[in-house]
Amino acid sequence: MELEAQGNPAMNKVLLILSCFLLSIGSCGSPLILRLYFIHGGKRVWFSSWLESGGWPIILFPLIITYLNRRAKQGTSTKPFFMRRPLFIASAVIGILTGLVDYLYAYGVARLPVSTSSLIIASQLAFTAAFAFLLVKQKFTSYSINAVVLLTIGAGVLALHTSNDRPSGESSKEYFAGFFMTLGASALYGFVLPLVELTYKKAKQAITYSLVMEIQMVMSLFATLFCTIGMLINKDFQAIPREARAFELGETKYYVVVVWTAIISQCFFMGAVGIIFCASSLLSGIVIAVLLPVTEILAVVFFREKFQAEKGVALALSLWGFVSYFYGEIKDDRKKKQTLVDTQVPQGIPKP
């Protein structure tokens, strides 16, 4: 199974649903488990950023399965990887940028409540829309514009309660440093998503889902290497055993949190690049934004963060924007199918 979705509508829908599911797990779970690490005694920002991409070996398992399947059909001459050198270099560069995003985001999560960091990250939709227009000439319909506006307003509504969200014992300087670091992560990731889509378009080879997994593995590998350099400079490797022993939930649970942070974060990245492959970077940004209120509600449940009326309004706006986008996509798909039918009707035969 080569997992070629492009040109196969049924497979494309299956992979799109799978990617949305993975992105939902990662987008909602990643900030929560990272915050859990920090509020219970974790202090290593470089280490937590390393964990965001350090789960890349997980991708080897589906790649090995697809390789063995190809080898059984094609023989021992089957190549284990599809990726060529230009695509490898592009993926490595994007991976380094992703490593920087990881650090900026982890720094923000260490300083801000989940509700605040999540709403700032929601601003990446505006950056994604702008960069998608510039890099991949993303076409906007009235429905997609409506979705971007509604989701951006939803994030703005949430911003109304941020003044009461500063954690006790944290200085204004630390709070605003976390704020601007998170904003930087949002802007840079808003650039990375369309850049991945541009890489797909410019690749001088067929893009299959197997190749998408290879691209994500290389990106995560180089992001991990970037963060590893930071860990070495900051001497995080020596500090991990001490931090584990001092962790408020216990040493065993410390390593459980660490492992699940890596797994859940990899779900986020695989979901994001999968949606780009099946649809567009704009849809990937929209799904991330629409999950913001869900993350807010989970933060209320698990961390007892306040649930103001603004969060309910933001949830409604996000769902409205999400429905608007997909309604527009359904209408556009129907229009394309009708156009295809009309062009296939032989001349001289009246249309039904």
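For every chain, the first residue of its written sequence is number 1, and the numbers climb from 1 along that sequence. Where totals are concerned, whole chains, interfaces and linings use all residues; where local detail is concerned, this predicted model gives features only for residues with pLDDT of at least 70, and gives and counts side-chain atom pairs only at 80 or more. Water and hydrogen atoms play no part in the side-chain values, which are based on all heavy atoms of the structure.

Looking now at the overall build of the protein. Scanning the protein from terminus to terminus reveals 14 helices and zero strands. A run of DSSP states H or I qualifies as a helix once it reaches four residues; a run of E qualifies as a strand once it reaches two. Both are numbered from the N-terminal end. Across the protein, helices and strands are ordered from the amino to the carboxyl terminus as α-α-α-α-α-α-α-α-α-α-α-α-α-α. Summary of the burial criterion: residues with accessible area below 20% of their type's maximum are buried, those above 50% are exposed, and those between are partly exposed, where the area comes from a 1.4 Å probe applied to protein chains only. Looking at the protein as a whole, 52% of its 352 residues are labelled buried. Whether two residues touch is decided by their heavy atoms; if any such pair falls within 4.5 Å, the residues are in contact. Within the protein, contacts between residues separated by at least 24 positions form 85% of all contacts whose residues are at least 6 apart in sequence.

What follows covers empty space enclosed by the protein. Put simply, the grid is 1 Å and covers the protein atoms alone, a cavity is a trapped set of points that fit a 1.4 Å probe, a pocket is an open set with protein on both sides within 12 Å along at least five of seven lines, and lining residues have an atom within 4 Å of a point. Grid points are joined across faces, edges and corners, and a volume is the space filled by probe spheres set on the points. Summed over the entire model, instances satisfying the criterion amount to two cavities of 30 Å³ or more. The calculated volume of the largest cavity comes to roughly 330 Å³. Lining the largest cavity are 22 residues, with S27, Y105, I121, F268 and I288 positioned closest to its centre. Contributing elements (two or more residues each) for the lining of the largest cavity: α1 (9-39), α4 (85-111), α5 (114-121), α8 (172-202), α11 (251-278) and α13 (292-303). With four residues, the single largest contributor to the lining of the largest cavity is α1.

Judged by side-chain polarity, L18, F21 and I25 come together as a nonpolar surface patch covering roughly 260 Å² of accessible area. In this fold, L18 is placed in helix α1. Residue class for L18 comes out partly exposed when judged on its relative accessible area of 38%. Patches draw on residues past 30% relative accessible area with no salt bridge. Two like charges within 9 Å are joined, as are two nonpolar side chains (Val, Leu, Ile, Met, Phe, Trp, Tyr) within 5 Å. Under the convention used here, a 1.4 Å probe and the Shrake-Rupley method define accessible areas, while residue burial counts only the protein chains that appear. Throughout this description, the term salt bridge denotes a Lys or Arg side-chain nitrogen within 4 Å of a carboxyl oxygen of Asp or Glu.

A few words now on helix α2 (residues 45-53). With eight of its nine residues buried, α2 lies for the most part within the structure. For α2, the set of buried residues is V45, W46, F47, S48, S49, L51, E52 and S53. Among the structural elements, α1, α4, α9 (209-234), α10 (236-246) and α11 are those in contact with the buried residues of α2.

Let us look at the nonpolar core. Nonpolar cores are built from buried Ala, Val, Leu, Ile, Met, Phe, Trp, Tyr and Cys residues. Side-chain atoms within 4.5 Å join them into one set. Judged by nonpolar contacts, the single largest core of 79 residues is most densely connected at F47, Y189, V196, Y200, Y254 and F277. Among the nonpolar cores identified, the runner-up in size contains six residues, and L119, A122, Y175 and L292 belong to it.

Turning to the packing of aromatic side chains, a few remarks are in order. Any two of the Phe, Tyr and Trp rings considered here, Trp counted by its six-membered ring, make a pair once their centres fall within 6.5 Å; the pair's planes then place it as stacked at under 30 degrees, edge-to-face at over 60, or tilted in between. One pass over the structure, following the stated rule, counts 17 aromatic pairs. Geometrically, the ring pair formed by Y37 and F38 is edge-to-face, given 4.9 Å between the ring centres and 75° between the ring planes. When its relative accessible area of 2% is taken as the criterion, Y37 is described as buried. Among the residues examined, F38 registers a relative accessible area of 11% and is labelled buried. Seen from their ring centres, Y209 and F277 are 5.9 Å apart, and the 55° between their planes marks the pair as tilted. Placement of Y209 in helix α9 and of F277 in helix α11 is noted, with a sequence separation of 68 residues between them. A single burial state applies to Y209 and to F277, both of which are buried.

Moving on: the packing of α1 against α11. Each axis is a line fitted through C-alpha atoms, taken for helices only over the stretch in contact, and angles between the N-to-C directions span 0 to 180 degrees. Interhelical geometry of α1 versus α11 gives an angle of 145° and a closest axis separation of 6 Å. Helix-helix and strand crossings are classified by hand; for α1 and α11 the assignment is left-handed. In this count, Pro and Cys sit with the nonpolar residues alongside Ala, Val, Leu, Ile, Met, Phe, Trp and Tyr, while Asp, Glu, Lys and Arg are called charged and the others, Gly among them, polar. The residue makeup of the contact of α1 with α11, split by class, is 21 nonpolar, ten polar and no charged. Helix crossings are classified by the rotation of the near helix relative to the far one: an anticlockwise turn of less than a right angle makes the crossing left-handed, while a clockwise turn makes it right-handed.

The next point concerns the pattern of salt bridges. Evaluation of the coordinates by the stated rule reveals one salt bridge. Ionic pairing is found between D236 and R44, a salt bridge with its closest N-O pair at 2.8 Å. Highlighted residues: D236 in helix α10 and R44 in the loop between α1 and α2, separated in sequence by 192 residues. Each member of the pair, D236 as well as R44, carries the same accessibility label: buried.

As a further point, take the packing of α8 against helix α12 (residues 281-290). Between α8 and α12, the least distance of the axes is 8 Å, while the angle of their chain directions is 145°. Crossing angle aside, the handedness with which α8 passes α12 is right-handed. Across the interface between the two elements, Y189, L193, P194 and E197 from α8 touch S281, S284, G285 and I288 from α12. Considering only residue class, the contact of α8 with α12 consists of four nonpolar, three polar and one charged.

The next point concerns the environment of S324. Within the fold, S324 resides in helix α14 (residues 309-344). In this structure, the C-alpha to C-alpha distance between S324 and V148, residues 176 residues apart in sequence, is 9.6 Å. When sequence neighbours within four positions are dropped, the list of residues in contact with S324 reads Y143, N146 and A147.

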